[in-house]
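Take a look at the letters that make up each chain.
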Amino acid sequence: MKQNPIRLILTTIFSAAVLLCGAQDFNTFFRDSTIRIDYEFSGTSTQQHIAVAALYKSNHWYGRRQRLSELPVEGNGQLIVRDHRTQQVIYRQSFSTLFQEWQSYPISESSTRSFENVFLFPMPKDTVDVTLELRNNRREVTASLMQQVAPSDILIRRIGDEGQTPYVVMQQPDDPNHCIHIAFLAEGYRQGEMPKFLSDVSKAMEALFAHEPFKSQRGKFSIVAVESPSPDSGTSEPSKGNWRRTALGSHFDTFYSDRYLTTPNIRRMHDWLAGIPYEHIIALVNTDRYGGGGIYGQYLLATIDNKYSDEVVVHEFGHSFCGLADEYAYENEQIPVYPKDIEPWERNITTRVDFRGKWEDIPDAGFYEGAGYSLHGVYRAYPDCRMRSNKIPSFCKACQKAITDYINFFTK
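Residues numbered from 1 in each chain as written. Predicted model: local features only at pLDDT ≥ 70, side-chain atom pairs only at ≥ 80, totals over all residues. Heavy atoms only, no water.

Moving on, we get to the overall build of the protein chain. What the protein chain contains, in helices and strands, is seven helices and 16 strands. Against the globule reference of 22 Å for 412 residues, the protein chain gives a C-alpha radius of gyration of 21 Å, in line with a compact fold. Projected onto the principal axes, the alpha-carbon positions of the protein chain cover approximately 75 × 55 × 50 Å. Sorting the 412 residues of the protein chain into buried and exposed places 55% on the buried side. For the protein chain, contacts bridging at least 24 residues in sequence account for 64% of all contacts bridging at least 6. Accessible surface computed for the protein chain: about 18600 Å², of which carbon and sulfur atoms make up 50%. Across the protein chain, the centroid of the 44 positively charged side chains sits 3 Å from that of the 50 negatively charged ones. (Helix = DSSP H or I, 4+ residues; strand = E, 2+ residues; numbered from the N terminus. Rg over C-alpha atoms; globule rule 2.2 N^0.38 Å. Buried < 20%, exposed > 50% of the residue type's maximum accessible area, 1.4 Å probe, protein only. Contact = heavy atoms within 4.5 Å. Areas by Shrake-Rupley, 256 points an atom, 1.4 Å probe, with all protein chains shown as cover. Lys, Arg positive; Asp, Glu negative; His and termini not counted. Charge placed at Lys NZ, Arg CZ, Asp CG, Glu CD.)

What follows is the structure, encoded as structure tokens:
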């Protein structure tokens, strides 16, 4: 069949544009510095509001310098940076939030709450339009805000030049130009307990790198231990009336779940890290109580002195690092996070609505019903996995593939 010459020309131009976008040079649009935007998310189960609270800038950019306009996974929200003049997308970042999780609980139907969130992106050379989008569990955009950011804006406060929190380099990467930066933060460690913190970081690191694919990809990670001191040891336990003064103000009983450990103080967390190399945050909590929490693209908190602490750190890092979903189910299906007629964006679960790009290429993987907090209609690839229980000492092959793909996205 004879081809339409105009269509052929347009196809050629489009293909060239895609290649050019994929090969976008970091130095074309960005400087070796970081912009930080602090947001407030607020609302109810049916309403979402986004507001900018503050902007900061600091020396050096520790994130990826390639594939800037692409995403490794969709997330429950996205930060999209466009060149103001051309409207070309020059940077994307995906994430999830505690606010969106809160919206799935019945209490959000009758009350309004606000949550802090912080996002980093490389310093643009010229004015950019920064759009932040939030999405519901049907993968629909439900709220968005565009903020114009000019790098010359005198109200962007400079941070990180002085008064850095003391930190110790725990691991150097094989290639500093193609690596992933992890910062361990001390939570509930008094100043005199920092030697214990460094020992606990070593313990948590070895637990993480005992698991594939982190074990074979260890050289792709840069790790620092940030000595953020607390007036009190431990963390707050609201159900016991026990409130403590800690670096991050973390607490159990998040959403009235006794073992769910989070912090509402995201800005404070990033203040402790100002000027320090980091992308991913692991906060170790100085207590022997069982618990933790991990939010994709945000942080994880995990206790360190419980007999299951190693397992919890690794499990929660699966959430916060690359957005793996929980593979267990609740008997009463009390949290309807995943509609059965929508394919989840998470790579380790499926509703079998659109299964492409998950574990179809793994020969011995299957469909095991019961995942994503639902007994029926949501499936995992294997009977058990680190994202399902503390009993099995490894990630399943589907999760390993998802983690490997994520690491490669940021380092190749």
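Picking up where we left off.
This part is about the sheet that holds strand β8 (residues 157-158). The four strands lie next to each other as β5-β1-β2-β8, forming an open sheet whose pairing is mixed. Each edge of the open sheet is held by one strand with a lone partner, namely β5 (113-124) and β8. (Pairing = 2+ DSSP bridges.)

Let us now look at the packing of aromatic side chains. Any two aromatic rings considered together are summarised by their centre-to-centre distance and by the angle between their planes. Inspection of the entire model under this criterion finds 32 aromatic pairs. Here tyrosine 39 and phenylalanine 41 contribute two aromatic rings whose centre-to-centre distance is 6.2 Å and whose plane-to-plane angle is 40°, an arrangement assigned as tilted. On the accessibility criterion, phenylalanine 41 (0% relative accessible area) is buried. Where tyrosine 290 meets tyrosine 308, the ring centres are 6.1 Å apart and the plane angle is 85°; that geometry is what we call edge-to-face. In this pair, tyrosine 290 sits in the loop between β12 (280-285) and β13 (292-295) while tyrosine 308 sits in the loop between β14 (299-303) and α6 (309-322), placing the two residues 18 residues apart along the sequence. (Phe/Tyr/Trp six-rings, centres within 6.5 Å; stacked < 30°, edge-to-face > 60°.)

Right, let's talk about the environment of serine 309 for a bit. Along the polypeptide, serine 309 turns up in helix α6. Accessibility expressed as a relative area gives 1% for serine 309, which makes it buried. Counting along the chain gives 57 residues from serine 309 to phenylalanine 252, while the straight-line C-alpha distance between them is 15 Å. Excluding residues that lie within four positions of it along the chain, serine 309 makes contacts with Lys203, Thr303 and Ile304. Of note is the side chain of serine 309, whose polar atom sits 3.0 Å from the backbone oxygen of threonine 303. (Polar contact = N/O pair within 3.5 Å; in protein donor to acceptor, adjacent residues only side chain to side chain.)

So far we have only geometry, and geometry alone does not tell us how the molecule works.
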